[in-house]
2 protein chains.
Amino acid sequence: MPNQVIDAYPKLKRDIIRGIYVPGEKLLMSQLKSRYGCGVGPLREALTRLIGEHLVTGISQRGYRVASMSIAELDAIYDARAELESLLIRLAIERGDDEWEAAVLARAHTLGKVDRVQDGEEMLERWDTRHQALHDAMVAGCHCQPLLQSRAALFDQAQRYRHLWLRQTVFSEQALADKQREHQALLDTILARDARAASQLMREHLMTPVPIIRERLQEQDWI
Amino acid sequence: MPNQVIDAYPKLKRDIIRGIYVPGEKLLMSQLKSRYGCGVGPLREALTRLIGEHLVTGISQRGYRVASMSIAELDAIYDARAELESLLIRLAIERGDDEWEAAVLARAHTLGKVDRVQDGEEMLERWDTRHQALHDAMVAGCHCQPLLQSRAALFDQAQRYRHLWLRQTVFSEQALADKQREHQALLDTILARDARAASQLMREHLMTPVPIIRERLQEQDWI
DNA sequence: CATCACATTATTTTCGAAAGATTAGTGCGT
DNA sequence: ACGCACTAATCTTTCGAAAATAATGTGATG
């Protein structure tokens, strides 16, 4: 694997997820070259990787475009994530050991400690990091690397949509409290080793952002 | 997307799956260039794609290698496939319509018609094609593109292992009959819309090749 | 005999230019 | 005014050479 690509790939990915580019927008090599400071070779490799993650589309002799977004795709991806994560939490409860339980508890604790008094941006970043860490810890118990990789791939695909939801949630006292309650309920079912209840709660938990994202999406002029 | 890559990528992938290269083998650019008749640019893109599919590994400044194979990975991938396909058949039964049922029945019918009298290689290819078509038809009812893509990715990862099993099974009267019986049982539960039974059978069905593959794997000198 | 420094070779990675394809623009004929 | 062929400009894709890095071999030293 390359050197220059290691630089360009994460930057390009980040820019696409953050919405720097409009979905469907053409990605001109000349522009990318100056923006990311490297030649076409490394760029093509980075773009190839992003095609694999469904964040970019490419047509022979017609270049690359930022993958489009749609409500249909939003529904499909979140449905997939909810079903998969629901499966994973069931497996984790069936397979996880005491260490796993302890790790979940630990992540739940740190997430609960994120302080609302901090600077907004900093808090958003910290809450999101710890939130993801909690969910990672929960499903880690399944001990199935390939399924965890599939989960990560779906998460990446969802990130652009998720981005529309994150701000809205973290900056709302109400939404944050709701999430807190959902996490607590999940944690209870996990510690009780109730696989059926946990997978049900997990599915619902993952689906709650969808209506919010759908609204934000309909506001966009590029849909 | 490129032109030359469209040539090189599937060939390289096919060669890796067919076991032309030894797992762990270094992929020299100079060799690849002459074998696939193109420059390093297209090759690097093809290899990047294959890294995304976990068929190749790459380290900065140290080139590319065919991904290694191991019994641990065999177990992990087949476990993942079994759990995912089991989930998908449940969803398909919950969501599939009459057309879906009909399509499954049709694929089961054509698979049953594969004739043993044909030429061996031709029969193997035909059986495998129709076998995959049956499984594709079964899970298609879930109507969840992202999960079907995850399934396809896991299938690709499994292909090298699956390759070790396929010959053994198709050329054994006994094994083929066993598979036939399993498919019939699956079909019955599907037409009866018994999601619980179907997902159980599906998990078992996907796991049956594992012991056979494990044996073949242990015979290899490169494990 | 082992080990380290140094020089040599082999390999990867990158860039720039040329070739190939597509898109945009122009003018002609109807 | 509209469509079509042709030309010009733009963009993508590829290759070959050069630069950067790693691997190998050699010889001196403890």
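Note that the structure is a prediction, hence the values are computed from the model and not measured. (Residues numbered from 1 in each chain as written. Chains lettered and ligands numbered in written order. Predicted model: local features only at pLDDT ≥ 70, side-chain atom pairs only at ≥ 80, totals over all residues. Heavy atoms only, no water.)

A.B. asks: How would you explain the interface of chain A and chain B if you had to name every residue and give the values?
C.D. replies: Counting residues at the interface gives 35 residues for chain A and 35 residues for chain B. Across the interface of chain A and chain B, roughly 2,700 Å² is buried in total on both sides, 53% from carbon and sulfur atoms. Applying the counting rule to chain A against chain B returns eight salt bridges. As a salt-bridge pair, B:Glu83 and A:Arg90 come within 3.6 Å of each other at their nearest N and O atoms. Counting across the chain A and chain B interface gives six residue pairs in polar contact (both at pLDDT 80 or more). At the level of secondary structure, the elements contributing two or more residues to the side of chain A that touches chain B comprise helix H3 (40–52), helix H4 (71–95), helix H7 (145–170) and helix H9 (195–207) of chain A. Of all the elements, H4(A) adds the most residues to the side of chain A that touches chain B, at ten residues. (Contact = heavy atoms within 4.5 Å. Buried area = accessible area lost by both parts, 1.4 Å probe. Salt bridge = Lys/Arg side-chain N within 4 Å of Asp/Glu carboxyl O. Polar contact = N/O pair within 3.5 Å; in protein donor to acceptor, adjacent residues only side chain to side chain. Helix = DSSP H or I, 4+ residues; strand = E, 2+ residues; numbered from the N terminus.)

A.B. asks: Tell me about the sheet that holds strand S3 (residues 64–66) of chain A, and please be specific about residues and values.
C.D. replies: Sheets are built from strands that pair by backbone hydrogen bonding, the pairs being arranged parallel or antiparallel. Residue and element names in this part refer to chain A. An order of S1-S3-S2 is seen for the three strands of this open sheet, with the pairing classed as antiparallel. The open sheet is flanked by strand S1 (26–27) and strand S2 (56–58), the only strands paired with a single partner. As paired strands, S2 and S3 are joined by three bridges and run antiparallel to one another. Pairing of Val-56 across the sheet is with Val-66, part of S3. (Pairing = 2+ DSSP bridges.)

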